[in-house]
4 protein chains.
Amino acid sequence: MGNTFGHAFRVTTWGESHGDAVGVVVDGCPPGLELSVEDIQPWLDRRRPGQSRIVSQRKESDRAEILSGVFEGRTLGTPILIGVWNEDARGKDYEHMRTKFRPSHADYSYQAKYGIRNWKGGGRASARETIGRVAAAAIANKLLARDYGVEIVGYVKRVWELCADVDPDAVSRDEVEANIVRCPDADMAARMIELIERARKDGDTLGGVVEAVARGAPPGWGEPVFDKLEADLAKAVLSLPACKGFEIGSGFGGVTMTGSQHNDPFYNEGGRVRTRTNHSGGVQGGISIGENIVIRAAFKPVATIMRPQETVDVEGNPATLQGRGRHDPCVLPRAVPMVEAMMALALIDHAIRQRGQRGR
Amino acid sequence: MGNTFGHAFRVTTWGESHGDAVGVVVDGCPPGLELSVEDIQPWLDRRRPGQSRIVSQRKESDRAEILSGVFEGRTLGTPILIGVWNEDARGKDYEHMRTKFRPSHADYSYQAKYGIRNWKGGGRASARETIGRVAAAAIANKLLARDYGVEIVGYVKRVWELCADVDPDAVSRDEVEANIVRCPDADMAARMIELIERARKDGDTLGGVVEAVARGAPPGWGEPVFDKLEADLAKAVLSLPACKGFEIGSGFGGVTMTGSQHNDPFYNEGGRVRTRTNHSGGVQGGISIGENIVIRAAFKPVATIMRPQETVDVEGNPATLQGRGRHDPCVLPRAVPMVEAMMALALIDHAIRQRGQRGR
Amino acid sequence: MGNTFGHAFRVTTWGESHGDAVGVVVDGCPPGLELSVEDIQPWLDRRRPGQSRIVSQRKESDRAEILSGVFEGRTLGTPILIGVWNEDARGKDYEHMRTKFRPSHADYSYQAKYGIRNWKGGGRASARETIGRVAAAAIANKLLARDYGVEIVGYVKRVWELCADVDPDAVSRDEVEANIVRCPDADMAARMIELIERARKDGDTLGGVVEAVARGAPPGWGEPVFDKLEADLAKAVLSLPACKGFEIGSGFGGVTMTGSQHNDPFYNEGGRVRTRTNHSGGVQGGISIGENIVIRAAFKPVATIMRPQETVDVEGNPATLQGRGRHDPCVLPRAVPMVEAMMALALIDHAIRQRGQRGR
Amino acid sequence: MGNTFGHAFRVTTWGESHGDAVGVVVDGCPPGLELSVEDIQPWLDRRRPGQSRIVSQRKESDRAEILSGVFEGRTLGTPILIGVWNEDARGKDYEHMRTKFRPSHADYSYQAKYGIRNWKGGGRASARETIGRVAAAAIANKLLARDYGVEIVGYVKRVWELCADVDPDAVSRDEVEANIVRCPDADMAARMIELIERARKDGDTLGGVVEAVARGAPPGWGEPVFDKLEADLAKAVLSLPACKGFEIGSGFGGVTMTGSQHNDPFYNEGGRVRTRTNHSGGVQGGISIGENIVIRAAFKPVATIMRPQETVDVEGNPATLQGRGRHDPCVLPRAVPMVEAMMALALIDHAIRQRGQRGR
């Protein structure tokens, strides 16, 4: 259970990292949208391993296939199945994972919950599962752009203690894609890349923060009281592998402000109600107000390291796990399209929900 | 829409802060649980206004009534309706709220979404809505204690820049309730209280952080991939009024650690798999591992301040809002039972979901 | 669980027949609808006991109260709580029901499922639970009429072997309400009333069929493949107490036709696609086609009879149940508003779902 | 939307009849169940076209592939994706379907709802969509047998006016499979087959009734009040293509009985509470009582006939549709596994839901 996201734009991912294939079923995409593999592949290419020297080197081409829901180039309003065949799933190199729990992976928790796990990799807990999310979000982004002019841009805000200076109201995707760490602050990007390479050589890993902004969302998205827009964004982001924290607007930093500093004054800009500051991060009371929606996601350092670690085996005996094979020193560059994807899925879901309630 | 939380223990709150009543329907409580108003009232008393000089002074006794679902002192397995009649809802003093949008409240966003709002207070966006949540959580806590021995303790971790030193593995509710700010670090509590009183006199408000721990949860709660335990906890917490951020385990602080520092080594403690550290915060891959579950929630400073603020009226004309009447300088002490409540609701829901999947 | 109906217009009923109150929470009603108790009470009056000599004589005035979701006479878009206080719930006369299972009631099944039941009446299995449904449907009917011009009319089609001749395309509510059995075929109505009175004197009960028609629904309501409009209508109707069968259009009678007889030819009527016959009952492939939607519901004879019956007690010992007290010889006249209510709830839910998917 | 069935055992089908593939994702299958294609293929073989001379002659081998959720021969507790590639989807012979609405198919209703449709066949409205259901039900049946000893047997009860005499308490699947019409009353089966062949030669089609029984279900399955077991069975069955009616137990026939005839007396059989008759069809108040669950589904005659029919084209102009190509004279033999499948999906869903609520 728990493999579906959304109420009105329902996304169900399927597939293990070392099974035959991974993918997604999207139920609730409105009919008549032009859609082909060309709309989806670029997003998967931003997510896939092997795109630069500072990320995972797993060999996967991640070619999407659309098996249902599209006819003569347009969506039918029926479920869209998108699949990607796994290539680098040879089952070698995994024997140590069969018998020992890797610290801070999901090996032990899956074993405890299910009494069984696909030990040839992370199974569903692998970042590979996000292929389905990113493919679905490619559709969501097309709808958001076409119907609302909404654009989502994510970027690496921080790696370890290196924190970039980025203006969420102005940053462009081109600036983000200008370097392999996906940080639009060029100076800081260079330092981040250097730091990540050093960690890789050390057999160690680094965490960081992704910031993402949605620009152009109208007021009125989000459902009080439990399905607040920020609540669904938080759930969306925390459902990503390795994510440990979420903020919207001022977030944790807002606690050092007083109310008189934090409140966003309203003013009238050419007939449109706006706020002079945006500590709210684009939502008030769970509902969008028409300002930019700004969120941040904290990612812990990748759990796979190239150093010996204390652990137990499946019988509970003490054991030492030796790192071997590939090693991804920092998930942050690839986490950018994942955070963007989850933001897109949460927003399109609320957009469609709001349509229904607006009255005839 | 959006007024229901949970899949297996379904909680639907209803009621506006200045309507006739507020409350909750709980669907999915197992049958046979001993339950009376005496189980619920203490939790409401910890949440209600007027309990100390540093919180809201609204006059409400918040007496719970159970109207269905209980028979001869035990739950029937049918929906439990709990209601509280509003007392301090006289509709006076609110005329200025009818015509002007209060900054960083939900006045404008509700108006934009619905085209109508109950302007005599915050309506559904009021903290008063959380009465239903806290009442439902009283039931959840009883089940968690009876069936699993799980105990949840929340406390104020931080107000403004004052940060308390608390051990989540050891803190008791008595220590939390020992002072009116609900911070178990006595020295820091005294400084927090002083700071809040100063803010009140200044007509200003303060934010902060609530930390909460659930002790005793077994391994196996949480559903990959979207309904991860941390994802549902994040949603639960971010659905609270004024909440802007969520962390589990190391959270945002974890980004300054390397993988070799952050990974939690496994060891065998008397036949039970445990971790030497708990940077994971009790969950790995979305599933509980049997360690304490530790979360933090950031609350912005309360939006109602006693100072003049720039805003617009409902026609969009520039206006100034004058603070008047009551003023709650810091929501943190009352946010403690709210965070505990949402944690309890998320945990019991996953506990019941896991029961169904365990097989016959 | 299972006390909620609908995805977009969500109705949750609560309350036991011999508890303090019964009622409903409606989540998803669009904002701005004029609504007061006067809109709801007439529907409850058609449902309540004691309205004629041929139905249950339980003494209940069934006065609705609206406790949330309405402000200054209009809906807020927030949950609407409607409650009715139970009056005739004195707990006398029920001792025999505490220890013995009444045949073909839900006494045994509730006991088996929950290990506990409110033995002072039928609890949630009582027809009294439908108060919440009928109250919610009063809102649904207002929306259906205002936004779509949809009108729903139900009537008694059959009692025992007495089958009325009624044209669903033309029948009016006035014709239905012209007699106490709610059968618009006046001659047959007289015979039905006579038959029901005879059954009452015999201490026995009768079943029958309610037919209902929705006129004015546009094409496009209903979601393939599981949430077909007819599937949700079937679920809606079968969720009523004592209902054992459902048909749409030709129903079971359609099996005696060949395809060439059954197919509904299309033609163009002033620019609108119509069908010459309506064996489809207004839906094709799960989706409305703009023709009248015609359904039928079979109700078994009421289980409470005034004759001794073989049964077992709660320990499983053989026992004889003696009929006593009040006795409802035929539920059909009161089942009419119940079927209408469930039809209205299914239709408004699909109407709102379709709005969201239509695109921006 | 609407492509998912179930709350705890969630089945989402995907695929158009003339797209690349059709299939299903099953979320919520408990871990550890032995499962391979060999468990699924026999059920698909009973459903597929071309298995006898009296059903559709479309050329499809319908070979199932499992792409996720199974590891080393056992289920992982993760989503199970099963797909079948379409073979006979050549797009020829369909030009007439592009421009004209086939009477009593879903061509017009899909076009009206979506503004687009896959006109090369019935798309999602095709009986081909049920492949995913039947594949998912193969898993459900394995669970029902393993965990509860539940066995489901369906059969053709009636074709046109030919009604079989079958004892649901005793009938075996071998008796059902003994002839091509799947009617265990051998004499009547011969007459049915003859009748269907005559209809085929006439270019016409026939409808009928499938009856199905579930034996061995324990008391306690089903959720009052909206998710009654019979309500979900009704929804399940009515979601099948061409289904127009549903009954449980006495059904429509029960209306000719009086209460004293219809009530099922309880007695004690070796410590187990049983009923002497089973007019209830195995459920009382929405909850199973341990008796056999007996349902019936009415199917209209197949809409595709080999005769000219009045219709309109997509512009609304009058048109005549000529039958051509293949023609399925009676869906009943293939409807048997479909009804069994939907019954299995509804039962396993309630079985798992009940597990969660039983308490720890």
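Provided above is the structure to which this section pertains.
Visitor: Can you tell me about the relation of the copies chain B and chain A, naming the residues and giving the values?
Guide: For these two chains of identical sequence, chain B goes onto chain A by a turn of 180° and a shift of 0.0 Å along the axis, with RMSD 0.0 Å. Both copies are brought into coincidence by an operation consistent with a two-fold rotation axis. By residue overlap, the copies meet face to face through one surface: 100% of the interface positions of chain B are interface positions in chain A.

Visitor: Break down unusual backbone geometry for me, with residues and values.
Guide: Residue A:P224 is joined to A:V225 through a cis peptide bond whose omega torsion reads 5°. Among the secondary structure elements, A:V225 is positioned in the loop between β10 (208-215) and α7 (229-238). Of note, B:E72 is a non-glycine position whose phi angle comes to about 50°, a positive value. A positive phi angle, near 60°, is found at B:R182, a position not held by glycine. Tracing the backbone through its elements, the reader meets B:R182 in the loop between α5 (173-177) and α6 (186-201). Classification of B:R182 as buried rests on a count of 24 C-beta atoms within 10 Å.

Visitor: Outline the relation of the copies chain C and chain A, listing residues and values.
Guide: Least-squares fitting of chain C to chain A yields an RMSD of 0.0 Å, with the superposition described by an axial translation of 0.0 Å and a rotation of 180°. Counting the interface residues of chain C, we find that 100% of their copies in chain A are interface residues as well, pointing to one common contact surface.

Visitor: I'd love a proper account of the sheet that holds strand β3 (residues 21-27) of chain C, names of residues and values included.
Guide: Residues and elements named next belong to chain C. Strand order across the open sheet formed by five strands is β1-β2-β3-β7-β4, with antiparallel pairing between neighbours. In this open sheet, the two strands that pair with only one neighbour each are β1 (4-5) and β4 (65-68). Note that β3 and strand β7 (residues 80-85) share six bridges and pair antiparallel. Along β7, the bridge assignment pairs V26 with I80. Strands β2 (10-14), β3 and β7 of the sheet are contacted by helix α4 (residues 130-148), whose axis makes an angle of about 35° with β3.

Visitor: Report on the interface of chain B and chain A, specifying residues and quantitative values.
Guide: Interface size is often expressed as the accessible area that is lost when the parts come together. On the chain A side, the residues contacting the 89 residues of chain B number 89 residues. Among the elements that make up the side of chain B that touches chain A, the one with the highest residue count is helix α7 (residues 229-238) of chain B (six residues). Grouping the amino acids of the side of chain B that touches chain A by side-chain chemistry returns 38 nonpolar, 32 polar and 19 charged. Of the pairings in the sheet, the one linking strand β11 (residues 243-248) of chain A to strand β11 (residues 243-248) of chain B comprises three bridges and is antiparallel in character. Opposite A:E247, over in β11(B), you have B:G245 as the bridge partner.

Visitor: Before we move on, can you summarise the interface of chain C and chain A with the specific residues and values?
Guide: Opposite the eleven residues of chain C that make contact, chain A presents eleven residues. Tallying contributions element by element places helix α9 (residues 332-357) of chain C first for the side of chain C that touches chain A, with five residues.

Visitor: So what about the pairing of strand β2 (residues 10-14) of chain A? Which residues, and what values?
Guide: Each regular strand shows side chains that alternate between the opposite faces of the sheet. All names here are of chain A. Burial analysis of β2 places five of its five residues in the buried class, which makes it a mostly covered element. Along β2, one buried face is formed by R10, T12 and W14 and the opposite face, lined by V11 and T13, is buried too. In the sheet, strand β1 (residues 4-5) pairs with β2 via two bridges, with the strands oriented antiparallel. The residue bridging T4 from the neighbouring strand is T12, located in β2. Hairpin geometry of β1 and β2 is characterised by an intervening segment of four residues between the two adjacent antiparallel strands and by a positive phi of about 100° at G6. As defined by bridge partners, β2 adjoins strand β3 (residues 21-27) across five bridges and the pair is classed as antiparallel. Paired with W14 across the strands is G23, a residue of β3. Joining the antiparallel neighbours β2 and β3 is a turn of six residues, in which G15 adopts a positive phi near 110°.

Visitor: Explain the sheet that holds strand β10 (residues 208-215) of chain D to me, and be specific about the residues and the numbers.
Guide: Here we have ten strands laid out as an open sheet, ordered β9(C)-β8(C)-β10(C)-β16(C)-β11(C)-β11(D)-β16(D)-β10(D)-β8(D)-β9(D), and antiparallel in their pairing. Looking along the sheet, the strands with just one partner apiece sit at the ends: β9 (162-163) of chain C together with β9 (162-163) of chain D. Where strand β11 (residues 243-248) of chain D lies against strand β16 (residues 293-299) of chain D, five bridges are found, and the strand directions are antiparallel. In the strand pairing of β16(D), D:C243 is matched with D:F299. α9(C) contacts β8 (151-159), β10 (208-215) and β16 (293-299) of chain C of the sheet and is inclined by roughly 140° relative to β8(C).

Visitor: Account for the packing of α7(A) against helix α9 (residues 332-357) of chain A, naming residues and giving values.
Guide: Residue and element names in this part refer to chain A. At a minimum axis separation of 9 Å, α7 and α9 run at an interaxial angle of 145°. The handedness of the crossing between α7 and α9 is right-handed. Counting all contacts with α7, which are made through L229, D232, L233, A236 and V237, the residues of α9 involved are V339, M342, M343, L345, A346 and H350.

Visitor: Summarise helix α1 (residues 37-47) of chain A; cite the residues concerned and give the values.
Guide: All names here are of chain A. Buried residues of α1: I40, W43, L44, R46 and R47, and no others. End-on view of α1: buried residues confined to an arc of 155°, all on one side of the axis. Of the residues in α1, the exposed ones pointing more than 90 degrees away from the buried face are E38 and P42. In this structure, the buried side of α1 is in contact with β7 (80-85), α4 (130-148) and α9.

Visitor: Can you tell me about the environment of B:I40, naming the residues and giving the values?
Guide: Residue and element names in this part refer to chain B. Among the structural elements, I40 can be located in helix α1 (residues 37-47). Classification of I40 as buried rests on a count of 24 C-beta atoms within 10 Å. Considered as a pair, I40 and E65 are 25 residues apart in the sequence and their alpha carbons are 9.3 Å apart. Residue contacts for I40: discarding those within four places in its chain leaves A64, I82, A135 and A138.

So, how was this worked out
Residues numbered from 1 in each chain as written. Chains lettered and ligands numbered in written order. Predicted model: local features only at pLDDT ≥ 70, side-chain atom pairs only at ≥ 80, totals over all residues. Least-squares fit on C-alpha atoms with pLDDT ≥ 70 in both. Contact = placed C-beta atoms within 7 Å. Helix = DSSP H or I, 4+ residues; strand = E, 2+ residues; numbered from the N terminus. Buried ≥ 20, exposed ≤ 12 C-beta atoms within 10 Å, placed from the backbone. Pairing = 2+ DSSP bridges. Axes fitted to C-alpha atoms, helices over the stretch in contact; angles between N-to-C directions. Nonpolar A, V, L, I, M, F, W, Y, C, P; charged D, E, K, R; others polar. Left-handed = near helix turned anticlockwise from the far one by under 90°. Arc of directions from axis to C-beta.

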